[in-house]
Each structure stands twice: as structure tokens, then as C-alpha cells.
Amino acid sequence: MKKDILYREQEGPTPFCFNKSVSRVFEDMLSRSIPGYWDQQDFIARFALEHLSDKGCLLDFGASLGASVIHVSKLASKSKRSLNKNKAVLCDLSDSMLENCKKNVQSVEGQWGSMCFQRMDLCDKTELEGFLQTRSDTLEVMILHYVLQFLPLKDRKDVLHILCSRLAKGGVLLVGEKVRSSLDSVQRVWQKAHTEYKLANHYSREEIQKKEEALKDVLVPMTEDGLEKMLGDIKAVRCSLYYSFAAFKCYALVKK
Ligand SMILES: C[S@@+](CC[C@H](N)C(=O)[O-])C[C@H]1O[C@@H](n2cnc3c(N)ncnc32)[C@H](O)[C@@H]1O
């Protein structure tokens, strides 16, 4: 895993974007910046295996380096579960991410019936709907892990509704998001806990500040209440919070 020192030496992109230099260090960046990142991946794997039938399809939107598919594959192999009739589709908007993702998942690709990679902008609703409509597979597992927060606010609800409408009955959409609290004191405590988490993971205060500036207006967290209302308003699914640490929340949306 290549160490993330992007904002130590001022070469990190400002504003932040998912370019080549970010994709090279992204695994280290996520694991040192998102409290519970690996536990969350473990949960994703458990949910995926719970909801995938013999021939079902898993779609990872904003897959980055394919961490979720790797975790699903490893858990399947540990529990002697065959995926050789299942499909995995890894989607992302960033060419650099997709390029590194292909290399990263090579070791688990053979476990799947098929695996493919799709460059896609989730905000292009015509493209998203077209892509989902042309898939003849049963779409049983969808993953949207720390992706919605990068989309324009106006698009988030529609993206969720489109995904839920094509999810198979009994299937699951896994949504992970960084949120903010509408209560100032809670937000201050969350912010401090997050900074301390990053300091404990050997980011300096300067790096943390530079990265926060780069992410301003790029990663735009919703309020916790706002996100929960948006998820709760999707009538086709039932929503359950399965992971929470301060501002980091993960929800399972199960199709009725
Ligand atoms: C924080 S990363 C996701 C991490 C990954 N899901 C994981 O769990 O390891 C956000 C990803 O979303 C992708 N992304 C951002 N905007 C997008 C869009 N409009 N359409 C599709 N993917 C997008 C980025 O390229 C990036 O790879």
C-alpha cells in the first residue's frame, strides 16, 4: 500500500479530485481518514453474501480501487462460497481509479462468473438509467460507499431513487456517507474526534488543514437528519443503520 503524503509536500490536487496521484495512494488515504473503514468493508462483504443468490449481480458505484469487491471475494473464499455464477460490475467516473482498480482486483477476478468495469457518471441520469435498463441480470447488491457526498446536492435524491427502482426484490443498496450534525456542539465533537483520528494515523495538522481546504465544495456532507430523511423517503426500501462512528454512517436499504 503506497503511503499518502500528497498534502505533506503540497502536490495534492487543490481542489481535490480523483486523479492519478490520488488513485495511487487512495487505499492508504481512506484507511487513515475514515474511522472504521475496514470494519465497514467487512460489513459490506457480509451483506453482499447475505443478499447475493447463485446468479445475482453486484454493482459497485464509485468503486475506486475495488476494496468492496475484494472483501466480498475474500469472505466468500473463507466461507467456501462459490461466486462462479455471479457477476460483479465496478463503476467509477475516474479513469485513473478504474485503471488501478483493474490491477487491484486481478487476484480475485477468477472467483467470479464475470467481472467488468464501467466508466460512468452517476449524475448523468440518462446514462445511469440506460445502463441499468440494459442489464438483464438480477441486481441484488448495489454499493454506494462514500460516493453520494461527492455528487451535486440536486442529484443525490434522483440517483438513490434510480438505483432503488432497479434493485431486485430483497436486494440491498449499501450507502456509506460522511454527514454533519445540525447541532453545533455535536458537530464540534465529531470534528475534533475526526482530527484526532487522523493525527493518530500520522497525518500532521498542516496536512489535515490542506486536505480540508482542497475538499471544500468537493466533498459536501449532508446533515445527518437530511440524509436520513432522503433515505427514509424512498418507499421501495426499508432502511437500517448498520455502522456509525461520529460523522461516518452506513445504511442498508433493503428492497421490499
Ligand atoms: C471516496 S471514493 C469511494 C470509495 C470506495 N467506494 C471504497 O469504499 O473504497 C469516491 C469515488 O467516487 C467516484 N465518483 C465521484 N463522483 C462520481 C460520479 N459522478 N460518478 C461516478 N463515480 C464518481 C470517485 O472517482 C471515487 O473513486
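Placed above this text is the structure.
We now examine the overall build of the protein. For the protein, the count of helices and strands is ten helices and eight strands. Computed over the C-alpha atoms, the radius of gyration of the protein is 18 Å, within 12% of the 18 Å expected from 2.2 N^0.38 for a compact globule of 256 residues. Overall, the protein is about 50 × 40 × 35 Å in size when its C-alpha atoms are taken along their principal axes. For the protein, buried positions account for 38% of its 256 residues.

Taken together, 20 residues are adjacent to the ligand, and Phe18, Gly62, Leu93, Ser94 and Leu122 come closest. Taken together, the residues of the shell around the ligand sort by class into 13 nonpolar, five polar and two charged.

The next point concerns the packing of helix H6 (residues 125-134) against helix H7 (residues 153-166). When two helices pack together, their arrangement is given by the angle between the helix axes and by the axis-to-axis distance. It is at 10 Å that the axes of H6 and H7 come closest, and there the two elements cross at 10 degrees. The angle between H6 and H7 falls in the class roughly parallel. For the pair H6 and H7, contact is made by Lys125, Leu128, Glu129 and Leu132 and by Asp158, Ile162 and Arg166, respectively. For the contact of H6 with H7, the class distribution of residues is three nonpolar, no polar and four charged.

What follows is about the packing of helix H2 (residues 37-51) against helix H3 (residues 67-78). Packing of H2 against H3 brings their axes to within 8 Å, and their N-to-C directions diverge by 60 degrees. Considering how the two elements wind past one another, H2 and H3 form a crossing that is right-handed. Along its contact with H2, which presents Gln41, Asp42, Ile44, Ala45, Arg46, Ala48 and Leu49, the element H3 presents Ala67, Ser68, His71, Val72, Leu75 and Ala76. For the contact of H2 with H3, the per-class residue count stands at eight nonpolar, three polar and two charged.

The subject of this paragraph is helix H8 (residues 184-200). Here H8 is 17 residues long and its end C-alpha atoms lie 24 Å apart, about the 24 Å a rise of 1.5 Å per residue gives. Looking one or two places after H8, you find His202, whose phi comes out positive at around 70 degrees.

Residues in a regular strand project their side chains so that they alternate between the two faces of the sheet. Counting buried positions along strand E4 (residues 139-145) gives seven out of seven residues, so the element sits mostly inside the fold. Taken together, the four bridges between strand E1 (residues 57-61) and E4 define a ladder with parallel strand orientation. Across the sheet, residue Leu58 finds its bridge partner in E4, namely Val141. In the sheet, E4 pairs with strand E5 (residues 172-180) via five bridges, with the strands oriented parallel. Considered in E5, the bridge of His145 is made with Gly176. With H7 bridging E4 and the parallel E5, this β-α-β connection has right-handed handedness.

Residue Pro15 follows Thr14 across a cis peptide bond; omega there is -5 degrees. You can see Pro15 is positioned in the segment before helix H1 (20-33). The phi torsion at His202 lies on the positive side, around 70 degrees, for a residue other than glycine. Residue placement: His202 occurs in the loop between H8 and helix H9 (205-215). A tally of 11 C-beta atoms within 10 Å means that His202 is categorised as exposed. At Ala246, a residue that is not glycine, the phi angle is positive and equals roughly 45 degrees. Mapped onto the fold, Ala246 is located in the loop between strand E7 (237-245) and strand E8 (248-255). Owing to 19 C-beta atoms within 10 Å, Ala246 belongs among the partly exposed residues under this scheme.

About the thresholds
- Residues numbered from 1 in each chain as written.
- Predicted model: local features only at pLDDT ≥ 70, side-chain atom pairs only at ≥ 80, totals over all residues.
- Helix = DSSP H or I, 4+ residues; strand = E, 2+ residues; numbered from the N terminus.
- Rg over C-alpha atoms; globule rule 2.2 N^0.38 Å.
- Buried ≥ 20, exposed ≤ 12 C-beta atoms within 10 Å, placed from the backbone.
- Near = placed C-beta within 6 Å.
- Nonpolar A, V, L, I, M, F, W, Y, C, P; charged D, E, K, R; others polar.
- Axes fitted to C-alpha atoms, helices over the stretch in contact; angles between N-to-C directions.
- Parallel < 35°, antiparallel > 145°, perpendicular 65-115°, else oblique.
- Contact = placed C-beta atoms within 7 Å.
- Left-handed = near helix turned anticlockwise from the far one by under 90°.
- Expected span 1.5 Å × (residues − 1).
- Pairing = 2+ DSSP bridges.
- Right-handed = clockwise from strand over helix to strand, strands pointing away.

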